[in-house]
Each structure stands twice: as C-alpha cells, then as structure tokens.
Amino acid sequence: MDDRPRLERAPGRRYAAGDEATDAERRRVLSGQVVIVVLGGALAITILGGLLEVGIGLLAVAAVVGWLVGTAFQSGSVEARRTTAVRAVAIAVGSVVLGQIGLWLLGRVEGGVLDPLTYLAEVFGLLVPGQLTAAAVAASWTAR
C-alpha cells in the first residue's frame, strides 16, 4: 500500500468550484444588466414617444434595446446559442411592449379613453409592429 498522502480531489477538479462561483456571479450580473436595459428601454420609448412625440426614431430605440439585450446574452457554446437567442428576443420584445403600455398609460393620464390596442393603432399605427420587429431582429442577430 502507498503511504503518500492523497489529495482531497483530483488536481483538475480544483478549478470546478471557482467556475461554479464565477458562473453564478455572471448570471447575477447578467440579470441585473438585463433588468436595467429592459426598464431603461421601456422608459425611453415612453418618454420619447409620449412626451417628446418622436415617431420613426422609436424604431431606432427598439433596435438599440434589442442589440443591448442580445449583447448581454451572447454565449460561447453552440448548443446554448439558440436558447439564448430565443430568451434575448423574448426579453427585448417584452421591453418594447412595456414601453407601449407606458405610452398608453401616459395617454390615459392626458385624458385618453381608448383601450391600449386601439390607442396604439390610432396614434402610432405600423410603428408598433415595426418596433417589435426591430427589437426581435436586433436581439436575435446579436445573441448569436
């Protein structure tokens, strides 16, 4: 029998705990970044579209939101790219939807009486689906 002391674990495993901790820390930072981008994007759409009455520029805002969310979700593994792209698209589109709800609420505060879909269709028309598309395309493209 060998009397030499044995290691607690294999030499290659000593980095495993650090990887798990780093991965958990990365997820925490990622979720914080995504929350900031989602809320900031929704607020930007609400302020620009509602208070400043910007029209076509909202497409650029939606694309930037999609790009930022996609950048936050960039992944190295091929298997994870598809699922991260789907998540990024869903979150970017969700941010634009929150912005649209903000626009509708702002319209209600100013005395509007229409339901959300009618209001958005009457005031912004095709810009709403355009924003959703711009956010989705930018997030999908960047996350891959």
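Before reading further, recall that the structure is shown in the block above.
Thresholds, definitions, all that
Residues numbered from 1 in each chain as written. Predicted model: local features only at pLDDT ≥ 70, side-chain atom pairs only at ≥ 80, totals over all residues. Heavy atoms only, no water. Helix = DSSP H or I, 4+ residues; strand = E, 2+ residues; numbered from the N terminus. Buried < 20%, exposed > 50% of the residue type's maximum accessible area, 1.4 Å probe, protein only. Areas by Shrake-Rupley, 256 points an atom, 1.4 Å probe, with all protein chains shown as cover. Core = buried A, V, L, I, M, F, W, Y, C linked by side-chain atoms within 4.5 Å. Contact = heavy atoms within 4.5 Å. Expected span 1.5 Å × (residues − 1). Axes fitted to C-alpha atoms, helices over the stretch in contact; angles between N-to-C directions. Parallel < 35°, antiparallel > 145°, perpendicular 65-115°, else oblique. Left-handed = near helix turned anticlockwise from the far one by under 90°. Nonpolar A, V, L, I, M, F, W, Y, C, P; charged D, E, K, R; others polar.

Draft legend 1. Structural detail: the overall build of the protein. A tally of helices and strands in the protein yields five helices and zero strands. Listed N to C, the secondary structure of the protein is α-α-α-α-α in terms of helices and strands. Counting across all 144 residues of the protein, residues that qualify as buried make up 33%. Here the protein displays about 9400 Å² of accessible surface, and carbon together with sulfur accounts for 65% of that area.

Draft legend 2. Structural detail: the nonpolar core. Ranked by internal contacts, the top residues of the largest apolar core, which has 27 residues, are Val34, Ile45, Val69, Phe73, Ala88, Leu120 and Phe124. Filtering out sequence-adjacent residues up to four positions away, Val34 remains in contact with Ala72, Phe73 and Ile91.

Draft legend 3. View of helix α5 (residues 127–143). Helix length check: α5 (17 residues) gives 24 Å between terminal C-alpha atoms against 24 Å at 1.5 Å per residue, within 8%. Every buried residue of α5 is accounted for by Leu127, Val128, Gln131, Ala134, Ala135, Ala136, Ala138, Ala139, Ser140, Thr142 and Ala143.

Draft legend 4. Looking closely at the packing of helix α2 (residues 57–72) against α5. Interaxial distance between α2 and α5 falls to 7 Å at its minimum, and their mutual angle equals 25°. What the angle tells us is that α2 and α5 run roughly parallel. Seen along the crossing, α2 lies across α5 with a hand that is right-handed. Here α2 contributes Leu58, Leu59, Ala62, Ala63, Gly66, Trp67, Gly70 and Thr71 to the contact with α5, which in turn contributes Leu127, Gly130, Gln131, Ala134, Ala135, Ala138, Ala139, Thr142 and Ala143. Across the contact of α2 with α5, the residue classes tally to eleven nonpolar, six polar and no charged.

Draft legend 5. Quick look at the side chain of Gln100. With respect to the helices and strands, the residue Gln100 is situated in helix α3 (residues 78–109). When neighbours within four sequence positions are excluded, Gln100 is seen to be in contact with Ile45, Leu120, Val128 and Gln131.

Draft legend 6. Up close: the environment of Ala143. Relative to the helices and strands, Ala143 is located in helix α5. Of the residues examined, Ala143 reaches a relative accessible area of 0% and is grouped as buried. Expressed as a C-alpha distance, the spacing of Ala143 and Arg87, which sit 56 residues apart in the sequence, is 9.2 Å.

Worth remembering: the numbers are spatial, not functional.
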